[in-house]
Amino acid sequence: MTANLDVVRSIFARWEQGDWQESAWADPEIEFVIADGPDQRSITGTDAMARTWRGFLTAWTDYAITAEEIRELDGDRVYVRLRASGRGKASGAQIGLEQGANIFHIHEGTVRRLAIYFNYRNALDELGLVE
């Protein structure tokens, strides 16, 4: 297991417990990318990432994620396929997101770029990987 896998596993250990507050793992100028879905965007910085993610979380009740696969792609990137669940506060609609993905770009133990995908196949396509 490499140091980059350790970083991502420690992040997901907190996220899977519903702890979204910790961001010491992130470079202060992190690029946070919502790569697909209805609100695609790229923002910079931990403060902007935290505001964006808080805004996302406020739309859900009992939002939770579970990592289903964590794999190192190369010396700088780690791919995570995940499953998300929750209930929309406004609509009451239950989600069991098919499967999403995160791609972490890590340098010297710090995440410099985090791209999130609501459909893991979009992440695989972008990486040129086959399922």
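The following refers to the structure shown. Remember, it's a predicted structure, so these values are computed and weren't measured experimentally.

It is worth spelling out the overall build of the protein chain at this point. What the protein chain contains, in helices and strands, is three helices and seven strands. Starting at the N terminus and ending at the C terminus, the protein chain contains elements arranged as α-β-β-α-β-β-β-β-β-α. The C-alpha radius of gyration of the protein chain comes to 14 Å, within 12% of the 14 Å expected for a compact globule of 131 residues. The 131 residues of the protein chain split such that 39% are buried. Across the protein chain, the fraction of contacts at a sequence separation of at least 24, relative to all contacts at a separation of at least 6, is 48%. With an accessible surface of roughly 7,100 Å², the protein chain has 47% of that area assigned to carbon and sulfur atoms.

With that out of the way, let us pick up unusual backbone geometry. Across residues other than glycine, the phi torsion is negative in most instances, and most of the peptide bonds are trans. A positive phi angle, close to 60°, is found at Asp62, a residue other than glycine. Within the fold, Asp62 resides in strand β3 (residues 60-72). Taking the relative accessible area as the measure of exposure, Asp62 reaches 66% and is therefore exposed. With phi around 50°, Glu108 is a residue other than glycine that occupies positive phi space. Relative to the helices and strands, Glu108 resides in the loop between β6 (100-107) and β7 (110-117).

Rules used in this analysis
- Residues numbered from 1 in each chain as written.
- Predicted model: local features only at pLDDT ≥ 70, side-chain atom pairs only at ≥ 80, totals over all residues.
- Heavy atoms only, no water.
- Helix = DSSP H or I, 4+ residues; strand = E, 2+ residues; numbered from the N terminus.
- Rg over C-alpha atoms; globule rule 2.2 N^0.38 Å.
- Buried < 20%, exposed > 50% of the residue type's maximum accessible area, 1.4 Å probe, protein only.
- Contact = heavy atoms within 4.5 Å.
- Areas by Shrake-Rupley, 256 points an atom, 1.4 Å probe, with all protein chains shown as cover.

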